[in-house]
Amino acid sequence: KSFLYRLWKGNVSSKMLNPRLQKAMKDYLTTNKHRVRFRGKRNSKLTREQLLCELRDRVTVKTLDGKEAPFSDLGWEKHVPQAPLSKLYPQGLGSCAVVMSAGAILNSSLGEEIDSHDAVLRFNSAPTHGYERDVGNKTTMRIINSQILTNPNHHFIDSSLYKDVILVAWDPAPYSANLHMWYKKPDYNLFTPYIQHRRKNPNQPFYILHPKFIWQLWDIIQENTKEKIQPNPPSSGFIGILIMMSLCREVHVYEYIPSVRQTDLCHYHELYYDAACTLGAYHPLLYEKLLVQRMNQGIRDDLYRKGKVILPGFRAISC
Ligand code: C5P
């Protein structure tokens, strides 16, 4: 059976990846850049329902509120948006789309379906212009990593990609989530451009994710995986899925678990080929996908043909 078929069935391990990816994974385990010290147990065999309840009960979307040092001493309380992300939609959102940037979404004709959702989440610099037929053109929220804010090539200040949408930024912090250490030595210094942007655009909702939230997600992936996962933060895609599960009644995720269009083309908007984009090297992406696959309540045909997974929002499950 092919790797893709086994992935759809949730029946793959890292041993089936190509040697280069396996080597990269091993190296990340050895380096342990973020000083992860996992204290839990691996391989807990939760059912779909138990897994959803576990996520609902343990995951709280947390953004920097400026009340903790060192941010409190720097006057961040008056810089961050007044309403935290979790309170931005008091009534909650209905049906939401999470659009992954995978090359496999090309030629999908999913644009109309994606735009029919109440809210659409996209990632980093993924464009809609020129790709409307396959990815739609509605964007409600964008999750951006710290490189987007700091790398001049992305034109964070001027690009229309980052205007008129809710922005949620993140940067890998130490596993301890020590904010002092993180502030002194972020992966990419997103703090300065964040404050500059807040000053210039005080009415645009723009948040930085709290490292506690990110590592909470990592713990849950590891607890539910037999193998040792990469000691690095989950991908933006997984982070985005969980944010939308906390905000929406139902979440439709596109081209996270690859469809029949699976390809090594990393992004739909870039001519760059690397299997690591879909299966992970730095991020524990393969394990994230296996976890999401276990929670899928959509039909098989949607998975195969659209690369679509349907997940209930936390509001819609009873535990
Ligand atoms: O590459 P980037 O992080 O901007 O892509 C957004 C998200 O889409 C990733 O974090 C990952 O979860 C997902 N993705 C994927 N397969 C790809 C490219 C991206 O699953 N080939």
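Definitions and limits used
Residues numbered from 1 in each chain as written. Predicted model: local features only at pLDDT ≥ 70, side-chain atom pairs only at ≥ 80, totals over all residues. Heavy atoms only, no water. Helix = DSSP H or I, 4+ residues; strand = E, 2+ residues; numbered from the N terminus. Contact = heavy atoms within 4.5 Å. pLDDT = per-residue confidence, 0-100. Core = buried A, V, L, I, M, F, W, Y, C linked by side-chain atoms within 4.5 Å. Buried < 20%, exposed > 50% of the residue type's maximum accessible area, 1.4 Å probe, protein only. Disulfide = S-S within 2.5 Å. Near = heavy atom within 4 Å. Polar contact = N/O pair within 3.5 Å; in protein donor to acceptor, adjacent residues only side chain to side chain. Nonpolar A, V, L, I, M, F, W, Y, C, P; charged D, E, K, R; others polar.

*Asks:* Would you mind going over the environment of Val80 with me for this structure?
*Replies:* On the secondary structure map, Val80 appears in the loop between α3 (48–58) and β1 (93–99). Once the C-alpha coordinates of Val80 and Leu64 are considered, the two residues, 16 residues apart in sequence, prove to be 7.6 Å apart. Sequence-distant contacts of Val80, that is, excluding residues within four places in its chain, are made with Leu64, Asp65, Gly66, Tyr194 and Arg198.

*Asks:* Please clarify how unusual backbone geometry should be interpreted in this entry.
*Replies:* Backbone geometry follows two general trends: most residues other than glycine have a negative phi, and most peptide bonds adopt the trans configuration. The step from Ala69 to Pro70 runs through a cis peptide bond, and the omega angle for that step is 0 degrees. Structurally, Pro70 can be placed in the loop between α3 and β1. We note that Asn43 has phi near 65 degrees; this positive angle belongs to a residue other than glycine. On the secondary structure map, Asn43 appears in the loop between α2 (19–31) and α3. Non-glycine residue Ala177 carries a positive phi angle of around 55 degrees.

*Asks:* Would you take a moment to explain the confidence of the model for the protein for this structure?
*Replies:* When pLDDT drops low, the exact placement of atoms in the prediction is not to be read closely. Of the residues in the protein, 100% reach a pLDDT of 70 or more, and the chain-wide mean stands at 97. Averaged pLDDT values for the elements of the protein fall to 96 in helix α1 (residues 3–8) and rise to 99 in strand β2 (residues 119–123).

*Asks:* Whenever I open this one, the nonpolar core confuses me. Can you help?
*Replies:* As a rule of thumb, nonpolar side chains are buried together in soluble globular proteins. Core analysis: the biggest nonpolar cluster contains 68 residues, and Ile243 and Met244 have the highest contact counts within it. Here this core gets eight residues from one element, more than from any other, and that element is helix α10 (residues 236–247). Leave out the neighbours within four places in its chain, and Ile243 touches Val61, Leu85, Met141, Ile143, Val168, Leu209 and Phe213. In terms of nonpolar packing, the next biggest core, distinct from the first, is built from 21 residues, Phe71, Val80, Leu167 and Ala169 among them.

*Asks:* What exactly am I supposed to notice about the state of the cysteines here?
*Replies:* Each disulfide is one covalent bond, formed between the sulfur atoms of two cysteines. Per the stated rule, a full pass over the model turns up three disulfides. The disulfide bridge from Cys53 ends at Cys319, spanning 2.1 Å between sulfur atoms. Linking Cys53 and Cys319, the disulfide has an S-S dihedral of approximately -100 degrees and is accordingly described as left-handed. Of this pair, Cys53 sits in helix α3 while Cys319 sits in the segment after β7 (308–312), and the two are 266 residues apart along the sequence. Classification of Cys319 as exposed rests on a relative accessible area of 54%.

*Asks:* Whenever I open this one, the site of the ligand confuses me. Can you help?
*Replies:* Inspection of the region around the ligand gives 15 residues, with Asn124, Ser235, His267, Thr278 and Lys289 positioned closest. Between Thr278 and the ligand, the recorded distance is 2.9 Å, taken from a side-chain N or O atom to a nitrogen atom. With respect to the ligand, the side chain of Lys289 contributes an N or O atom lying 2.7 Å from an oxygen atom. Counting only elements with at least two residues in the shell around the ligand, the list comes to α10, α11 (276–279) and α12 (285–295). Of the residues contributing to the shell around the ligand, the split by class is seven nonpolar, seven polar and one charged.

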